[in-house]
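# Close look at the chain arrangement
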Amino acid sequence: MTWRADGTSRSRGGRLLYRNQSKRVLLIDHDEAFGPLLGEVLGEGFILTHLLKPAEAVPVLEKEEADVVLLNWDFPDPDAAKNPARDLLKVASALPTAPAVIVFSWDAARKTAMEATRCGAADFFAQPLLIPELRVAIDRAQQRVALARELTAAQRVIAGKYVEGLLGNSKPMDRVRELVHKVANVLTTVLITGESGTGKEVVAHAIHQLSLRAKKPFVAFSACALPESLIEDELFGHEKGAYTGATQLRRGRFEEAQGGTIFLDEIGDLALPLQAKLLRVLQERKMERLGSNTPIPLDVRVICATNRNLEKMIQEGTFRQDLYFRISPIKTELPALRERVDDIAVLADHFLRAFVLTHQKSLRGFTPGYLSALAGYNWPGNVRQLQNVIESSVVLADGMRLGVEDLPPELGRMAASSEIVKGSFHESVKSFKREIIRSALRVHNGNKLKAAQELQISRCYLHRLVNLLSIEEEVALEQNAGVEDDLALTGEPIDSKRIQ
């Protein structure tokens, strides 16, 4: 039978006594009359489900249908050596998202409380139960469980999105990470485009690391790193005696990448004759060393990259259209750093930590002026330029934090010229960010995960903004203000043997 706060009832496996969206309490007690009584004295604001046997609770807990469990420790059992409540407590504590279990017993001995705590109890109450204290304990336990489950959910999201080396919370980087996950375990050739310094090789390496080829070689080659006359030899190798000076057999980059991945950077710089040879290798999945007519089968994943406009080069006759079609069944463009300004602070912090270790410095962060200068700069050299700026600043810095005086001249001049704006524009932007974050937190009762989802940012980024903007969590304070009211409530002690 199911009791409701409005007096209606209906049958179900457990007895659902009072409904509220925030506090789901599972009472496990062998006395059938205790559930309705406890529901009455707790009042509205609780989902209270009553089960008579500990064994019935396991499916409910596995489905996360309860946040807090009220468990009677004094379950009768024919075998005096067994304790069904203790066994259930151990099972509940081992669940990945365990509920908080509050144990109550007529045995107020310290030994009993310690045994329950060792088995995983969040709290222990001696009977008769004091309702004001019980309400506070349930509130406190429910908040801890909600935070733990939020963290678990956030970790799952992060784990699903995380790609080593690809830092940032911006939407463009989310799209890049999503593509990396999708293409990692297929053989299809990928073309990565984007300005110089945007991290094309980092993306290629991430695809390799997430693929089934991760334990095989990752070989990177840049077409602009060598003179045209040496590129063919570098890619395909040569036989002994293939040309004057070829005194021994040499394997090329394709052979070195067997079973793994080859990354061909700046493929737009390849000369047309080499483009024709590369096209044949990609089509036939075979290659020949210089000076040999014996084809060598290739098992290689090919990822290409360029900062040039290949479509325009095709129109100009400097890049083969058939090769373009062969290398670009999957194509992605990396955003310039100026298009992902929100990621600058994350990247800067990552580089700072790395270079502090490399150069054995004791720096602890940035001044607001330094970060403001980074955010306002155009970054023609993209992430690579930012990395160089941070390293230069770390090497030259004398203080504990990087300041405007540690910036290179081009950024330092811009920081100085922006001082006049800082008091108006930047403060207005901060004020706007502060207000929309406060509003989202209020709407979702301080739940950072839901607020972050509404704002379409990660929970970690929201947490950083809360700290950076000195946002007081008004919703949390308002919720905590209700605890004093609960403590002020009066009522007679009750227990499972006092039934009305």
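Residues numbered from 1 in each chain as written. Predicted model: local features only at pLDDT ≥ 70, side-chain atom pairs only at ≥ 80, totals over all residues. Heavy atoms only, no water.

Take the side chain of T261 next. With respect to the element layout, T261 can be found in strand β13 (residues 261–265). At 2.8 Å, the side chain of T261 forms a polar contact with the side chain of H208. Every residue in contact with T261, bar those within four places of it in the chain, is listed here: H208, R213, P217, F218, V219, V300, R301 and I303. (Helix = DSSP H or I, 4+ residues; strand = E, 2+ residues; numbered from the N terminus. Polar contact = N/O pair within 3.5 Å; in protein donor to acceptor, adjacent residues only side chain to side chain. Contact = heavy atoms within 4.5 Å.)

On to the pattern of salt bridges. A pair can form between side chains of opposite charge whenever their charged atoms are brought close. Within this structure, the stated rule accounts for 18 salt bridges. Close ionic contact of K277 with E232 constitutes a salt bridge, the shortest N to O distance being 2.5 Å. Separated by 45 residues along the polypeptide, K277 in helix α10 (residues 272–284) and E232 in helix α8 (residues 228–236) bring together distant segments of the chain. Since its relative accessible area comes to 37%, K277 is described here as partly exposed. Close ionic contact of E255 with R289 constitutes a salt bridge, the shortest N to O distance being 2.7 Å. One end of the pair, E255, is in helix α9 (residues 253–256); the other, R289, is in the loop between β14 (286–287) and β15 (296–297), and 34 residues separate them in sequence. For the pair E255 and R289, one class covers both residues: buried. Each of E234, R250 and R253 takes part in a single network of salt bridges with overlapping partners. (Salt bridge = Lys/Arg side-chain N within 4 Å of Asp/Glu carboxyl O. Buried < 20%, exposed > 50% of the residue type's maximum accessible area, 1.4 Å probe, protein only.)

What follows concerns helix α18 (residues 448–455). When α18 is considered as a whole, its buried residues turn out to be K448, L449, A451 and A452. In an axial view of α18, the angular spread of the buried residues amounts to 165°, which keeps them on one side of the axis. One or two steps after α18, the chain reaches Q456, where phi turns positive at roughly 60°. (Arc of directions from axis to C-beta.)

This part is about the packing of α18 against helix α19 (residues 459–468). Two elements in contact, α18 and α19, have axes whose closest approach is 9 Å; the angle formed by their N-to-C orientations is 100°. One way to sum up the angle between α18 and α19 is to call them roughly perpendicular. Facing K448, L449, A451, A452 and L455 of α18, the residues of α19 in contact are R459, L462, H463 and V466. Its residues placed into classes, the contact of α18 with α19 shows six nonpolar, one polar and two charged. (Axes fitted to C-alpha atoms, helices over the stretch in contact; angles between N-to-C directions. Parallel < 35°, antiparallel > 145°, perpendicular 65-115°, else oblique. Nonpolar A, V, L, I, M, F, W, Y, C, P; charged D, E, K, R; others polar.)

The next point concerns the environment of T189. Its location among the elements puts T189 in the loop between α6 (171–183) and β9 (190–193). Along the backbone, T189 and R326 are 137 residues apart, and their C-alpha atoms lie at a distance of 7.6 Å. Leave out the neighbours within four places in its chain, and T189 touches R285, V302, C304, R326, I327, P329 and I330.

Moving on, we get to the packing of aromatic side chains. Counted under the stated rule, the structure contains six aromatic pairs. Geometrically, the ring pair formed by F218 and F263 is stacked, given 6.4 Å between the ring centres and 15° between the ring planes. Placement of F218 in strand β10 (residues 218–222) and of F263 in strand β13 is noted, with a sequence separation of 45 residues between them. A centroid spacing of 4.8 Å and a plane angle of 90° characterise the contact between Y377 and W379, whose relative ring orientation is edge-to-face. Both residues of the pair, Y377 and W379, belong to the buried class. (Phe/Tyr/Trp six-rings, centres within 6.5 Å; stacked < 30°, edge-to-face > 60°.)

Contact geometry for helix α13 (residues 344–358) and helix α15 (residues 382–396): axes closest at 9 Å, N-to-C directions at 45°. One way to sum up the angle between α13 and α15 is to call them oblique. Along this stretch, α13 crosses α15, giving a crossing that reads as right-handed. Touching I344, L347, A348, F351, L352, F355 and V356 of α13 are V383, L386, Q387, I390, E391 and V394, all from α15. Tallied by class, residues from the contact of α13 with α15 come to eleven nonpolar, one polar and one charged. (Left-handed = near helix turned anticlockwise from the far one by under 90°.)

Our focus in this paragraph is the pairing of strand β5 (residues 47–51). Counting buried residues in β5 gives five out of five residues, a clear majority hidden from the surface. Two strands pair when backbone bridges link them, and strand β4 (residues 24–28) and β5 are joined in this way by five bridges, in the parallel orientation. Across the sheet, residue L26 finds its bridge partner in β5, namely T49. Tracing the backbone out of β4, into helix α1 (residues 34–42) and back to the parallel element β5 gives a crossover that is right-handed. (Pairing = 2+ DSSP bridges. Right-handed = clockwise from strand over helix to strand, strands pointing away.)

For the rest of this paragraph, the subject is the confidence of the model for the chain. Taken residue by residue, the chain gives an average pLDDT of 78. The fraction at 70 or more is 79%. Note on residues 15–21: pLDDT is under 50 here. Beyond four places in sequence and across chains, it has 36 contacts. Low pLDDT (under 50) marks residues 416–425, which in the prediction has three contacts with non-local residues, meaning those over four places away or in another chain. (pLDDT = per-residue confidence, 0-100.)

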